[in-house]
Amino acid sequence: MSGLRGARTCPGPGEASDLKSPLGAKFREPLTESRFQQLFGDAEQEPELLAEPRWSRLWRRRARACSGPGAWRLLMARLPPLRWLPHYRWRAWLLGDTVAGLTVGIVHVPQGMAFALLTSVPPVFGLYTSFFPVLIYTLLGTGRHLSTGTFAVLSLMTGSAVERLVPEPLSGNLSGIEREQLDAQRVGAAAAVAFGSGALMLGMFALQLGVLATFLSEPVVKALTSGAALHVLVSQLPSLLGVPLPRQIGCFALFKTLAAVMTALPRSSPAELTISALSLALLVPVKELNVLLASVLCFTSSLDTRYNVQIVGLLPRGFPQPLLPSLAELPRILADSLPMALVTFAVSASLASIYADKYNYTIDSNQELLAHGVSNLVSSLFSCFPNSATLATTSLLVDAGGNTQLAGLFSCLVVLSVLLWLGPLFYYLPKAVLACINISSMRQMFFQMRELPQLWRTSRVDFAVWTVTWVAVVTLSVDLGLAVGVVFSMMTVVCRTQRVQCLALGLAEGTELYRPLRESHKLLQVPGLCILSYPAPLYFGTRGQFRRILDWHLGLGEGGKGAPKTDGPPGAAAEPVRVAVLDCSGVTFADAAGAREVVQLASRCRDAGIHLLLAQCNASVRGTLTQAGLLDRVTPEQLFVSVQDAAAHALERSSVVQRLAQCGSDPVIWCVEGPSETCVRRATAPESPDVM
């Protein structure tokens, strides 16, 4: 409402009064919802749209998509290069994409082989996972600065599933043929997990469930990755020490592994321990140099034969034959594929959003589901394990000057050259070096713990979510920790809706703004008029609190009629509430139970002689209240478009106007400094009851 002026006081004795409101200004006509629809609604088309069935509207929308322009728009939406490639700045961006792609590709080679060991499959399959998913995401992804490939958390989760599905024989002494058969079974299990994860993400895309990423909050994702980094560190200890130990799976696996390592520590290999120590201390900052020097050292010193140092061995040239994973395994791996699909999408979407905000472009969360779903599904046909975006390579790509998805093609060229020609150079690479690379790749995830002090100062609830998730991941397992973190995060949201307080509003003098009375003692309040704001959803979990707080403010229920809470100084007479305005702008949704509670409130107010007005209900809440029978208790003239309109209507009611006209002789009108001739009172907010 515009054109408002400062507060007016009542005239002295014998003077005429033109006061119509506490502001002494003439307002426009208060607008109810029905009147607003008559003035500004589309009265001709709305009944027609409401009469049309939903299936008919969906069919018409699909028909438009099947037209020539609609099909082209759909194709551009599903193949992002059709949008950004025509606008590609070749002179400005090509060099940066080339350098960034080659740099990331060089990192993909050792990192892919290292994460393959984490997945319990031969190293070459890490190279496959660093090639096919990157190529597919370049064609389907919307994150310009996102780098996909092997990811430590997913590799750890996949390795646990593979070890459970295809355990190593208890004898441990396997011949070469038996080892190859075991590796083939584990590769098939890992590919089946990737297939199931991709299929689930495609199903989520078909249902347009990109919004599910919001259920994995930032504290949950960061605690998950930090806790998984500790799992990775502990799981690589046997490789660092040269002690062949079976991988521990299930709950408390981290502590079981530590106990097994401590028991087997006297049997550690001095040669592998020396290589690990040198790699961690001297060569970790440059992984590629680490790989080359370690390979040369192992070859020249014959460490594999003289000291039984485990090496990578032969990397097959070319690509594997496309093979559909065993569908019989899908029911067994479904419980593993679901958390991996959620982690893949949550990590990738959050990383893409960070750089999209930084470089001022947008991403499509549902298109990201399609990109990662197709990436995992198709790459599983080539024996790849689950993949997603990675923090380390993404930040490296940005730092190296990458601008678009075109950098992924140059990254694929590097991996392709290794698969076709350079593979024999890595024959003598010690696996202990790959274990060191796994550990060094976790540094950024461990560094996330430095944000905890700032998180504590910003939000204690988010700090609690981070702590609970991290403890659950470390003590239980990655997938169970993820479930605990999501459930606990949702519980904090529900608990916060339970603790919300209904706020009494007062008018800021000289404006049309209504603010909570607790914010200032200078806010104005009209006797007999109670304006309340309920800033929370109204559903079955909050209906009891809603009833208790509203009854307390209005003097209903057990408190009895005529016992409202006063806002004035001690000793002042309590003014009965005659008009109540409920600000519903904070009620984002209402279910059937919450709507019935509002209907019952209207009935109790009518029985108590209180005129109830509802303000600023959104269309969804208004529709739910109407279906619950609200219009049987109130009239459409009691639903207003804003708090200002509802308050103006209340002030125009005869009883309030008469009270304002007689304010000079009415002893109930007062201000906080003492009796005066002011037509409104200045009030401090009452203490609301404790809400748990």
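Residues numbered from 1 in each chain as written. Predicted model: local features only at pLDDT ≥ 70, side-chain atom pairs only at ≥ 80, totals over all residues. Heavy atoms only, no water.

Chemist: Got a sec to walk through the overall build of the protein chain? Specific residues and values, please.
Modeler: Helices and strands together make up the secondary structure of the protein chain, namely 30 helices and ten strands. Looking at the protein chain residue by residue over its 692 residues, the buried ones come to 50%. For the protein chain, long-range pairs separated by at least 24 residues make up 80% of all intrachain contacts whose partners lie at least 6 apart in sequence. Entry remark: accessible area of the protein chain is about 32700 Å², with carbon and sulfur atoms responsible for 62%. (Helix = DSSP H or I, 4+ residues; strand = E, 2+ residues; numbered from the N terminus. Buried < 20%, exposed > 50% of the residue type's maximum accessible area, 1.4 Å probe, protein only. Contact = heavy atoms within 4.5 Å. Areas by Shrake-Rupley, 256 points an atom, 1.4 Å probe, with all protein chains shown as cover.)

Chemist: Account for a nonpolar patch on the surface, with residues named and values stated.
Modeler: There is a patch of nonpolar side chains on the surface, built from Trp-72, Leu-75, Leu-79 and Leu-82 and spanning about 340 Å² of accessible area. Relative to the helices and strands, Leu-82 resides in helix α5 (residues 81–84). Overall, Leu-82 belongs to the partly exposed group, its relative accessible area being 32%. (Patch = residues over 30% accessible without salt bridge, like charges linked within 9 Å, V, L, I, M, F, W, Y side chains within 5 Å. Salt bridge = Lys/Arg side-chain N within 4 Å of Asp/Glu carboxyl O.)

Chemist: An account of the nonpolar core is needed here, citing residue identities and associated values.
Modeler: Formed by 85 residues in total, the largest nonpolar core has its most connected members in Met-113, Leu-127, Val-153, Val-343, Leu-434 and Val-478. With residues up to four places along the chain from it excluded, the contact list for Leu-434 reads Pro-110, Met-113, Ala-114, Leu-117, Val-312 and Leu-429. Cys-530, Leu-532, Ala-536 and Val-634 belong to the second largest nonpolar core, which has 38 residues in total. (Core = buried A, V, L, I, M, F, W, Y, C linked by side-chain atoms within 4.5 Å.)

Chemist: Please provide a residue-by-residue account of the packing of aromatic side chains, values included.
Modeler: Applying the stated criterion across every chain, the model contains 13 aromatic pairs. Ring geometry for Phe-131 and Phe-132: centres 5.1 Å apart, planes at 85°, overall edge-to-face. Of the two residues examined, Phe-131 and Phe-132, each falls in the buried class. Linked through ring pairs, Trp-84, Tyr-88, Trp-90 and Trp-93 together constitute an aromatic cluster. (Phe/Tyr/Trp six-rings, centres within 6.5 Å; stacked < 30°, edge-to-face > 60°.)

Chemist: Tell me about the environment of Asn-618, and please be specific about residues and values.
Modeler: By secondary structure assignment, the location of Asn-618 is in the loop between β8 (611–615) and α28 (619–627). Assessed through its relative accessible area of 29%, Asn-618 is described here as partly exposed. Between the alpha carbons of Asn-618 and Val-587 there is a distance of 8.1 Å; along the sequence they are 31 residues apart. With sequence-adjacent residues up to four places away left out, Asn-618 is seen in contact with Val-587 and Thr-588.

Chemist: Explain the confidence of the model for the protein chain to me, and be specific about the residues and the numbers.
Modeler: Regions with low pLDDT should not have their predicted coordinates read in detail. When pLDDT is averaged along the protein chain, the result is 78, and 78% of the positions lie at 70 or above. Across residues 566–573 the pLDDT falls below 50, and counting only partners more than four positions away or on other chains, this stretch makes twelve contacts in the model. (pLDDT = per-residue confidence, 0-100.)

Chemist: Let's hear about the pairing of strand β3 (residues 503–507): which residues, and what values?
Modeler: Most of β3 sits inside the fold, with five of its five residues counted as buried. Along β3, one buried face is formed by Leu-503, Leu-505 and Leu-507 and the opposite face, lined by Ala-504 and Gly-506, is buried too. Hairpin connection between β3 and strand β4 (residues 514–516): a loop of six residues separates the two successive antiparallel strands, and Gly-510 in this loop has a positive phi of roughly 85°. (Pairing = 2+ DSSP bridges.)

Chemist: Tell me what's going on with helix α19 (residues 391–399), and back it up with residues and numbers.
Modeler: Within an α-helix, residues lying three or four positions from one another point in the same direction, as the helix has 3.6 residues per turn. The complete set of buried residues in α19 reads Thr-393, Thr-394, Ser-395, Leu-397 and Val-398. Packed against the buried residues of α19 are α6 (90–118), α17 (330–358), α20 (407–422) and α22 (443–447).

Chemist: Explain the side chain of His-145 to me, and be specific about the residues and the numbers.
Modeler: Along the chain, His-145 turns up in the loop between α8 (132–140) and β1 (148–149). Side chain to side chain, His-145 and Tyr-361 meet in a polar contact 3.1 Å long. The contacts of His-145, once residues within four sequence positions are left out, are Tyr-355, Tyr-359, Tyr-361, Thr-394, Leu-397, Val-398, Gly-402 and Asn-403. (Polar contact = N/O pair within 3.5 Å; in protein donor to acceptor, adjacent residues only side chain to side chain.)

Chemist: Tell me about the packing of α6 against α19, and please be specific about residues and values.
Modeler: Direction vectors running N to C along α6 and α19 enclose 155°, while the axes themselves pass 8 Å from each other. The angle between α6 and α19 falls in the class roughly antiparallel. For the element pair α6 and α19, the recorded crossing hand is right-handed. Contacts between α6 and α19 involve Ala-100, Thr-103, Val-104, Val-107, His-108 and Gln-111 on the former and, on the latter, Thr-393, Leu-396 and Leu-397. Looking at the contact of α6 with α19, its residues break down into five nonpolar, four polar and no charged. (Axes fitted to C-alpha atoms, helices over the stretch in contact; angles between N-to-C directions. Parallel < 35°, antiparallel > 145°, perpendicular 65-115°, else oblique. Left-handed = near helix turned anticlockwise from the far one by under 90°. Nonpolar A, V, L, I, M, F, W, Y, C, P; charged D, E, K, R; others polar.)

Chemist: Could you give me a rundown of the pattern of salt bridges, with the residues and numbers involved?
Modeler: All chains considered together, the criterion is met by nine salt bridges. A salt bridge links Glu-218 to Lys-222; the shortest N-O distance between them is 2.9 Å. Taken together, the positions of Glu-218 and Lys-222, both in helix α11 (residues 218–235) and four residues apart, correspond to about one turn of that helix. On the basis of relative accessibility, which here comes to 53%, the residue Glu-218 falls in the exposed class.

Chemist: Can you explain the pairing of β8? Please cite residues and give values.
Modeler: β8 sits mainly inside the fold: five of its five residues count as buried. One ladder, built from five bridges, connects strand β7 (residues 579–583) with β8; its direction is parallel. Note on β8: the bridge partner recorded for Asp-583 is Ala-615. Traced from β7 through helix α27 (residues 592–607) to β8, the parallel crossover comes out right-handed. (Right-handed = clockwise from strand over helix to strand, strands pointing away.)

Chemist: Before we move on, can you summarise the environment of Ala-472 with the specific residues and values?
Modeler: On the secondary structure map, Ala-472 appears in helix α24 (residues 460–475). Here Ala-472 falls in the buried class, since its relative accessible area comes to 8%. Taking C-alpha positions, Ala-472 is 7.9 Å from Leu-482, a pair spaced ten residues apart along the chain.

Chemist: Pulling in residues and values, what's your account of the environment of Ala-371?
Modeler: With respect to the secondary-structure elements, Ala-371 resides in helix α18 (residues 365–380). The exposure class assigned to Ala-371 is buried, which follows from its relative accessible area of 0%. In sequence terms Ala-371 and Phe-205 are 166 residues apart; their C-alpha atoms lie 9.5 Å from each other. Those residues within four positions of Ala-371 in sequence are excluded, and the remaining contacts are Ile-136, Tyr-137, Leu-140 and Gly-141.

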